[in-house]
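Spelled out from the first residue to the last, the chains are:
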Amino acid sequence: MRVLVIGSGAREHALLLALARDPGVSALMCAPGNAGIGKIAEQHPVDIASGEAVAALAKKLDADLVVVGPEVPLVLGVADAVRAAGIACFGPSADAARIEGSKAFAKDVMATAGVKTAHSEIVDSPAKLDEALDRFGPNWVVKDDGLAAGKGVVVTTDRDAARDHAAELLENGHPVLLESFLDGPEVSLFCVVDGETVVPLLPAQDHKRVGDGDTGPNTGGMGAYTPLPWLPEQTVTQIVDDVVKPVAAELVARGSAFSGLLYAGLAIGKDGPAVVEFNCRFGDPETQAVLALLKSPLGELLNAAATGTLDQVAPLEWQDGSAVTVVVAAEHYPATPRTGDVITGADGEGVLHAGTKLVDDQVVSAGGRVLSVVGVGADLDEARADAYSKISAIKLPGSHFRKDIGLAAVEGRIAIP
């Protein structure tokens, strides 16, 4: 099987590394890729937002399967174009990708499917903002209704800060979603979905804020770990049965059947799981940790979903132990990052590239989240030690990373209310 992965981040690097372990995969290709991906896959330039360009490239490369990594091309219908060209594609249609592309659509699907989520309200005019804000609090959750790469969310007890973020979104022509605050620790559960067939992967937890102790602004994600020692196994079953399967069934009922990776972000409160958001693709940085522990052949799994045979796949097998991802970010991230700095020590095992490129045979920074460093171990403590040991060998001027990824779980400080 010749596999083409679309994207250029550490998520795509992780997908390619896992695909490389599948004996059924004969060729790995990536478009556009990055400096690290170039060592394990052929790389090709492409406009990832153009379905026509991606489909043409897939045909030219004789790809048997296309795996679309990022959300933007999925929302724009790239998977539809690939399938229309007669090539199997792992990734939902534009219609189904609205589960991430429009939070209002996602809320409507959940309401019809009877899935528990935060109370919410869409505000599309500055004139309605203050009155709407008064209906929420003392914790305000303010979201961009569209795609925002994980950074369009402000959670605050400061009404003025909530108002400022909402006003800025509205000024830029973006509708605002106000939500009630959900209590309890957050969980990311990835599920491979083919219509109403749902295959869950290991649950993970992301660390969104830029600073240790969950301080500072939200980012695209500064690290993650899996599995979750504080999460009962039956809760994963409950999430699949009460959240993911009803949403998948509702999308089928609407004629928008989902085929690809359905990512449920949840808060596990005293009344059980409640949905924070749905995404239509593998999440970054959780993917890097989750796939590090996957023993089953990934190409076979993704191809089964893409070809409508997911119900025939054997139960997934996982390596014992834990995995941790720590993101090394450029100076100033999540604001405008400094780029163009030479990176050294980033070619070891478990160092996945995101915002990198080759310039004069040197690896330089080319984005905000530059590297994802993955550690594995017999338990979470060992996996953390492995990740941070690898980071100590990396040199990138001005870079920063969180030193507490997974630490609260190791110390037993995470509990379901």
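Within each chain, residue numbers correspond to sequence positions counted from 1 in written order. Two thresholds apply to this predicted model, a pLDDT of at least 70 for residue-level local features and 80 or more for giving and counting side-chain atom pairs, whereas whole-chain, interface and lining totals are computed over all residues. Just so you know, side-chain values use all the structure's heavy atoms and leave hydrogens and water out.

Caption draft 1: Highlighting the pattern of salt bridges. Should a side-chain nitrogen of Lys or Arg be within 4 Å of a carboxyl oxygen of Asp or Glu, the pair is scored as a salt bridge. Tallied over the entire structure, the rule returns 24 salt bridges. Between Asp386 and Lys390 there is a salt bridge, with its nearest N and O atoms 3.2 Å apart. Of this pair, Asp386 and Lys390 are both found in helix H12 (residues 380–391), four residues apart, which corresponds to roughly one turn of the helix. Here Asp386 falls in the partly exposed class, since its relative accessible area comes to 23%. A single network of salt bridges, built from pairs that share partners, joins Asp130, Asp134, Arg159 and Arg163. Only DSSP runs of H or I reaching four residues or more are called helices, and only runs of E reaching two or more are called strands; each is numbered from the N terminus. For each residue, the accessible area found with a 1.4 Å probe, counting protein chains only, is set against the maximum for its type, and the residue is called buried under 20%, exposed over 50%, and partly exposed in between.

Caption draft 2: Just the pairing of strand S16 (residues 259–269), in detail. Of all 11 residues that make up S16, 11 are buried, and the element is covered over most of its length. A strand pair is defined by DSSP finding two or more bridges across the two strands. Two strands pair when backbone bridges link them, and strand S10 (residues 186–194) and S16 are joined in this way by nine bridges, in the antiparallel orientation. Within S16, the position partnered with Val192 by the bridge is Leu261. Here S16 runs beside strand S17 (residues 272–279); their pairing, made up of seven bridges, is antiparallel. When the sheet's bridge partners are listed, Gly265 is paired in S17 with Glu277. Between S16 and S17, which pair antiparallel and follow one another directly, the connecting turn spans two residues.

Caption draft 3: Structural context of the layout of surface pockets. The distinction between a cavity and a pocket rests on a 1 Å grid over the protein atoms alone: a 1.4 Å probe fits inside a cavity but cannot get out, while a pocket stays open yet meets protein on both sides within 12 Å along at least five of seven lines, and a residue with an atom within 4 Å of a point counts as lining. Grid points are joined across faces, edges and corners, and a volume is the space filled by probe spheres set on the points. Size it by volume and the second largest pocket reaches roughly 460 Å³. Every residue lining the second largest pocket is counted, 23 residues in all, and those nearest its centre are Leu17, Glu349, Gly350, Val351 and Leu352. Among the secondary structure elements, those contributing two or more residues to the lining of the second largest pocket are helix H1 (10–20), helix H10 (286–292), strand S19 (351–353) and strand S22 (369–377). With four residues, H1 is the largest single contributor of residues to the lining of the second largest pocket. Polar here means any residue outside two lists: the nonpolar Ala, Val, Leu, Ile, Met, Phe, Trp, Tyr, Cys and Pro, and the charged Asp, Glu, Lys and Arg; Gly therefore counts as polar. Tallied by class, residues from the lining of the second largest pocket come to 11 nonpolar, seven polar and five charged.

Caption draft 4: Up close: the sheet that holds S19. On the basis of which strands lie adjacent, the open sheet formed by five strands has the order S12-S15-S18-S22-S19 and antiparallel pairing. Either end of the sheet is taken by a strand with one partner, and the two such strands are strand S12 (205–206) and S19. Pairing geometry for S12 and strand S15 (residues 223–226), over two bridges, is antiparallel. Along S15, the bridge assignment pairs Gln205 with Tyr225. In this analysis, two residues are considered to be in contact whenever any of their non-hydrogen atoms come within 4.5 Å of each other. Fitted lines through C-alpha atoms serve as axes, helices being fitted only where they are in contact, and the angles separating the N-to-C directions of these axes extend from 0 to 180 degrees. Running at roughly 120 degrees to S19, H1 makes contact with S19 and S22 of the sheet. Here H12 sits on the sheet in contact with S15, strand S18 (322–329) and S22, set at roughly 140 degrees to S22.

Caption draft 5: Geometry of the state of the cysteines. In plain terms, two cysteine sulfur atoms within 2.5 Å form what is called a disulfide here. Applying the stated criterion across every chain, the model contains zero disulfides. Summary of cysteine pairing: Cys30 is not part of a disulfide, and the nearest cysteine sulfur, belonging to Cys89, is at 14 Å.

Caption draft 6: Layout of unusual backbone geometry. The residue after Ala31, namely Pro32, is reached through a cis peptide bond having omega 0 degrees. Note that Pro32 resides in strand S2 (residues 27–32). The step from Asp284 to Pro285 runs through a cis peptide bond, and the omega angle for that step is 25 degrees. Positive phi, normally seen in glycine, also occurs at Asp214, with a value near 55 degrees.

Caption draft 7: Region of interest: H1. Most of H1 is tucked away, with nine of its 11 residues classed as buried. Three or more residues of H1 are buried, namely Ala10, Arg11, Glu12, His13, Ala14, Leu15, Leu16, Ala18 and Leu19.

Caption draft 8: Quick peek at the domain arrangement of the chain. Each domain's extent was defined by an automatic or database domain assignment. Looking at the chain, the domain boundaries give domain 1 (1–90), domain 2 (119–178) and domain 3 (320–411). Between domain 1 and domain 3, the C-alpha centre-to-centre distance is 24 Å. Taken together, the 10 residues of domain 1 in the interface contact 10 residues of domain 3. Both faces considered, domain 1 and domain 3 share a buried interface measuring about 660 Å² in area, 66% of it formed by carbon and sulfur atoms. Run the count over domain 1 and domain 3 and you get zero salt bridges. Pairs of N or O atoms are called polar contacts if they sit within 3.5 Å, as long as, within protein, a hydrogen donor faces a hydrogen acceptor (for residues adjacent in sequence, only side-chain-to-side-chain pairs). Where domain 1 meets domain 3, there are five residue pairs in polar contact (both at pLDDT 80 or more). Residues of the side of domain 1 that touches domain 3, tallied by class, amount to four nonpolar, five polar and one charged. Summed over both partners, buried area is the accessible surface (1.4 Å probe) that two parts give up on being assembled.

Caption draft 9: Here's a closer look at the environment of Ser392. Take Ser392: it is sitting in the loop between H12 and helix H13 (407–410). Each C-alpha atom of the pair Ser392 and Gly345 lies 8.9 Å from the other, and the pair is 47 residues apart in sequence.

Caption draft 10: Up close: the nonpolar core. In this structure, Leu4, Val66, Ile99, Val244, Val247 and Phe278 are the most contacted members of the largest nonpolar core, which totals 73 residues. Of all the elements, helix H9 (residues 233–253) adds the most residues to this core, at eight residues. Built from parts of two domains, this core gets at least three residues from each of domain 1 (1–90) and domain 3 (320–411). The residues contacting Val244, other than those within four sequence positions of it, are Cys191, Val193, Val198, Ile239, Leu262 and Ala264. The criterion is simple. A nonpolar core is a set of buried Ala, Val, Leu, Ile, Met, Phe, Trp, Tyr and Cys residues joined through side-chain atoms within 4.5 Å. Of all hydrophobic cores here, the second largest spans 34 residues; its members include Ala18, Phe90, Val199 and Leu298.

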